[in-house]
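A structural walkthrough
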Amino acid sequence: MCHLGFLTLRRARDEAGGLVPTPPGPPIPPADAAPSALASLAFARRLADFGRPFGIAVVAFTPDDLRPDGTVRAVLFSGRSVRRATIPMPEAVYDFVRTQPTDAFRRYLAARKAGRWPSPSRGGSEKWRLDRILRASPLAPHLPETILWTGDAEARASAEALLAGGDVVIKPRAGTGGRGVVRIPRDTPPSALRRALGALPPGRHLLQRYIPHAVGDRVYDVRVLVQKTPDGVFRPTGAGVRTNDRRRFVTNLAWGGRALPLNAYLLRVRRFSAARAETLQGDLFRLATAAAEALEAGLGPLVEVGLDVVIDPEGRLFIVEANTKPGRELFRLLGDRAAYRLSHLRPLFYLCAWARNTASIRRA
């Protein structure tokens, strides 16, 4: 039996205090939250369901559930029911905490720095750092020009230069799920651009050159999921395409985006030849794997990476975003049961192998 923990935070609306500064003195752990208050609880339950036949037990908890004696007040899954119980720290922890501007996230960072749970990977990183790491690698030609909005004269000049070359996408530095992403057309009047930029808090948003990739009134991007196998090697798990709801620019599934098989997109939407489509699929998987390896070299050990890639009309590939805490619902919507199942099992198999290897090293 392998015992794994799924580390998350409380949902933002259930986080008591939110952005209220922590009072002086020793921190007081929040009272037990109802299991439903945990973010990504449905994902944790699926992990438990997929892992159970393989002798893998998955529990869920937040950093606030850690106890001074090394135990943890965790959420346990049994069929469709859940309950709270105090248990020993699991052998390994699947850290699925995403970056967010809350006190809960700051407590998480402090606990992670103190090494309060066993994990081979760190939590999520914000988009600017991921962009800088990839841009310093041989993959730089596959990245659209991106700047950090600082609000100074240099940033304003860079933003105007970006817009002169085409549309610009504004996105939060630490956002997820497509929230706050806006496309600024090239013909936006300078005065309107200045007003839009003036409303942005310095240091919290990125400006990225829009790569033309629309077909008709829809935009498409490719999500490629790369995950570690038990031997610690990154392998592609699957890929699919997302297209936007016509009322919105973003393709994220949470905002009405639709799923499309990769091959159908390449052949029927982009109208590439069968040979060209096959070559592009191979290029996509190689690019995503190389990106995961580059990010790991810059960040430290990772479990998985989701790459959002756009393909321009000439078939060139551009990485518009990297995610170290990626979702996998795209495979369910595509009806790709094999990739959906594998996307849940690979992190579990890798973490169990890591736990066994770590225990062997300690015994040696």
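Let me sum up the structure you'll find in this document. Quantities reported herein were computed from a predicted structural model and do not represent experimental measurements.

**What about the overall build of the protein?**
Of regular secondary structure, the protein possesses nine helices and 14 strands. Out of the 364 residues in the protein, the part that is buried amounts to 51%. Within the protein, contacts between residues separated by at least 24 positions form 67% of all contacts whose residues are at least 6 apart in sequence. A total of about 17200 Å² of accessible surface is found on the protein, and carbon and sulfur atoms cover 56% of it.

**Some details on unusual backbone geometry**
Non-glycine residue S40 carries a positive phi angle of around 60°. When you line up the elements, S40 lands in the loop between β1 (2-7) and α1 (41-51). Classification of S40 by relative accessible area gives partly exposed; the value is 28%.

**Describing helix α4 (residues 153-164)**
Helix length check: α4, at twelve residues, gives a terminal C-alpha distance of 17 Å against a target of 16 Å (1.5 Å per residue), a fit within 8%. All of the buried residues in α4 are A155, A159, L162 and L163. Buried positions in α4, seen along its axis, are confined to an arc of 95° and lie on one side of it. For α4, the secondary structure elements touched by its buried residues are β6 (146-148), β7 (168-172), β8 (182-184), α5 (190-198) and β9 (205-209).

**Details of the pairing of strand β5 (residues 92-95)**
Burial along β5 is two-sided: A92 and Y94 facing one way and V93 and D95 facing the other are all buried. The pairing of β1 with β5 spans four bridges and is classified as parallel. Across the sheet, F6 pairs through a bridge with Y94, a residue of β5.

**Some remarks on the environment of L66**
Within the fold, L66 resides in the loop between β2 (56-61) and β3 (71-78). A C-alpha to C-alpha distance of 8.7 Å links L66 and M89, two positions 23 residues apart in sequence. Beyond its immediate chain neighbours, meaning those up to four positions away, L66 contacts F61, T71, V72, M89, A111, R116 and W117.

**Some details on empty space enclosed by the protein**
Overall, the coordinates contain two cavities of 30 Å³ or more when judged by the stated rule. Of the voids in this model, the largest cavity is the one considered here, and its volume is about 130 Å³. Lining the largest cavity we find 14 residues, and of these K127, D131, V320, E321 and A322 sit closest to its centre. No other element matches helix α3 (residues 127-135), which puts five residues into the lining of the largest cavity. Of the pockets and cavities examined, the second largest cavity occupies roughly 40 Å³. Along the walls of the second largest cavity sit A159, L163, V168, I170, I184, L193, L197 and L207, which together make up its complete lining. Of all the secondary structure elements, the ones that give two or more residues to the lining of the second largest cavity are α4, β7 and α5. Of the residues belonging to the lining of the second largest cavity, the class tally is eight nonpolar, no polar and no charged.

**Let's talk about the side chain of R346**
By secondary structure assignment, the location of R346 is in helix α9 (residues 337-363). No salt bridge forms around the buried R346; measuring N to O, its nearest opposite-charge neighbour D231 is 8.3 Å away. Among the polar contacts made by the side chain of R346, one reaches the main-chain carbonyl oxygen of P236 at a distance of 3.2 Å. Excluding its chain neighbours within four sequence positions, the residues that come into contact with R346 are Q227, K228, T229, R235, P236 and T237.

Rules and cut-offs
- Residues numbered from 1 in each chain as written.
- Predicted model: local features only at pLDDT ≥ 70, side-chain atom pairs only at ≥ 80, totals over all residues.
- Heavy atoms only, no water.
- Helix = DSSP H or I, 4+ residues; strand = E, 2+ residues; numbered from the N terminus.
- Buried < 20%, exposed > 50% of the residue type's maximum accessible area, 1.4 Å probe, protein only.
- Contact = heavy atoms within 4.5 Å.
- Areas by Shrake-Rupley, 256 points an atom, 1.4 Å probe, with all protein chains shown as cover.
- Expected span 1.5 Å × (residues − 1).
- Arc of directions from axis to C-beta.
- Pairing = 2+ DSSP bridges.
- 1 Å grid on protein atoms, 1.4 Å probe; cavity = no way out; pocket = protein on both sides within 12 Å on 5 of 7 lines; lining within 4 Å.
- Points joined across faces, edges and corners; volume = space filled by probe spheres on them.
- Nonpolar A, V, L, I, M, F, W, Y, C, P; charged D, E, K, R; others polar.
- Lys, Arg positive; Asp, Glu negative; His and termini not counted.
- Salt bridge = Lys/Arg side-chain N within 4 Å of Asp/Glu carboxyl O.
- Polar contact = N/O pair within 3.5 Å; in protein donor to acceptor, adjacent residues only side chain to side chain.

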